[in-house]
Each structure stands twice: as C-alpha cells, then as structure tokens.
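One letter stands for each residue in the lines below.
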Amino acid sequence: MADTLKEILLDSSRRPTVVTDLEGLVDAEVSDKGGVSGAVVKTGFAAVKKIKPGIIPSAVDTLLDDFAGALEPFYGDYKAKGGNDFGAYLTSRSDEASDALLTVTDSRADRSSRDSIKKVYSKLRPNGKKNVEEALPRLGQLIDKHAATA
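Residues numbered from 1 in each chain as written. Predicted model: local features only at pLDDT ≥ 70, side-chain atom pairs only at ≥ 80, totals over all residues. Heavy atoms only, no water.

Caption draft 1: Local environment of the environment of A39. The residue A39 is located in helix α3 (residues 35–51) in this model. The exposure class of A39 is partly exposed, given its relative accessible area of 39%. (Helix = DSSP H or I, 4+ residues; strand = E, 2+ residues; numbered from the N terminus. Buried < 20%, exposed > 50% of the residue type's maximum accessible area, 1.4 Å probe, protein only.)

Caption draft 2: Inspection of the packing of helix α6 (residues 94–111) against helix α8 (residues 128–149) at higher detail. Running from N to C, α6 and α8 cross one another at 105°; their axes reach a closest spacing of 9 Å. One way to sum up the angle between α6 and α8 is to call them roughly perpendicular. Contacts between α6 and α8 involve S94, D95, A97, S98, D99, L101 and L102 from the former and G128, K129, V132, E133, L136 and L139 from the latter. Grouping the constituent residues of the contact of α6 with α8 by class yields six nonpolar, three polar and four charged. (Axes fitted to C-alpha atoms, helices over the stretch in contact; angles between N-to-C directions. Parallel < 35°, antiparallel > 145°, perpendicular 65-115°, else oblique. Contact = heavy atoms within 4.5 Å. Nonpolar A, V, L, I, M, F, W, Y, C, P; charged D, E, K, R; others polar.)

Caption draft 3: Structural context of the pattern of salt bridges. Counted by the stated rule, this structure contains 16 salt bridges. In this structure, the salt-bridge partner of D65 is R15, at a minimum N-O distance of 2.7 Å. Separated by 50 residues along the polypeptide, D65 in helix α4 (residues 55–80) and R15 in helix α2 (residues 15–32) bring together distant segments of the chain. E29 is the partner of R138 in a salt bridge, and the nearest nitrogen-oxygen pair spans 2.8 Å. (Salt bridge = Lys/Arg side-chain N within 4 Å of Asp/Glu carboxyl O.)

Caption draft 4: Molecular detail of α4. The end-to-end C-alpha distance of α4 is 36 Å, a good match for the 38 Å that 26 residues give at a rise of 1.5 Å each. Its maximal kink placed at L64, α4 deviates by approximately 50°. When we look at burial in α4, the residues that qualify are I56, V60, L63, L64, A68, A70, L71, E72, F74, Y75 and Y78. One or two positions beyond α4, positive phi appears at G82, with a value near 70°. (Expected span 1.5 Å × (residues − 1). Bend = angle between axes of the 7 residues up to and from the residue.)

Caption draft 5: Broad picture of the environment of S122. Within the secondary structure, S122 is located in helix α7 (residues 115–124). Placed 13 residues apart in sequence, S122 and A109 show a C-alpha to C-alpha distance of 8.7 Å. Among the polar contacts made by the side chain of S122, one reaches the main-chain carbonyl oxygen of K119 at a distance of 2.8 Å. (Polar contact = N/O pair within 3.5 Å; in protein donor to acceptor, adjacent residues only side chain to side chain.)

Printed below as a string of structure tokens:
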C-alpha cells in the first residue's frame, strides 16, 4: 500500500484517473456555488471552458505534483495519527491546508507571463481561501478513494 501522496496521486498508472476525478471535483465545487459570487464563478468557469476546452484537466495535471507536495505534510500527519477520513482531517486544519494549496496557485500565477491569467486570478483570489476550504472535504474523500486502491 502506498504511504505518501506522491505514491498515491502521481503514479503513472493512476494519474489519468486522479486528474479526471479532480476535474469532477472542480466541476462539483463550481456547481455548488450560490449567490452573486457563485454566479460570477460559474459564468467565468463556463467561459474559460468554452474558450479553451480541456483547460481544466490540463491545469489539474500541471498543478498536481505541486499540490501533492503541498499536502504531503498533512497526509503524513494524518497517517501517523491513524486517521480514517482525510477530508475531516483537512477540514480540521482548513486554515493551514487551504494556505498550502493557495501557495501553489499564487506562485504559479506570479510566474505566469500572461497578463490575462494574472488579471483573472487576481479577481478570483480574494474568495480563494473560502472556496478552497469548502472543497477540502471532497478533496480528502477523493484522496482516500485513491489511497484505498494504491
């Protein structure tokens, strides 16, 4: 059985399924957004997907290694404590876990040479922490699912 997130999520035989599952997670999280800010996210998400089909799985695949690295300390602690629900564990440490994941996207946006990406990211970033925190239970469940088959 795999013991690290890198072994679980980045294994070449599982990675395509992990990327597909993460794309589904992103779709579900966007779909669940409500209110005015949710409408903005949904509209922007739909526009991006229409303009550049395949961008979500491509972005997920590109960021997966860094996300796995960012979550590795959390997963190690979770395993050491004998946890059985990584989603609940991440939620219990939502402030730290969301910051770790946003450090990845912040860094990527900062390094981008495309002003359009920087502009869109800067508009979405103020609500980023809240959105990431809301996604942590599903993310943990997805990781648990892949850990069980690793």
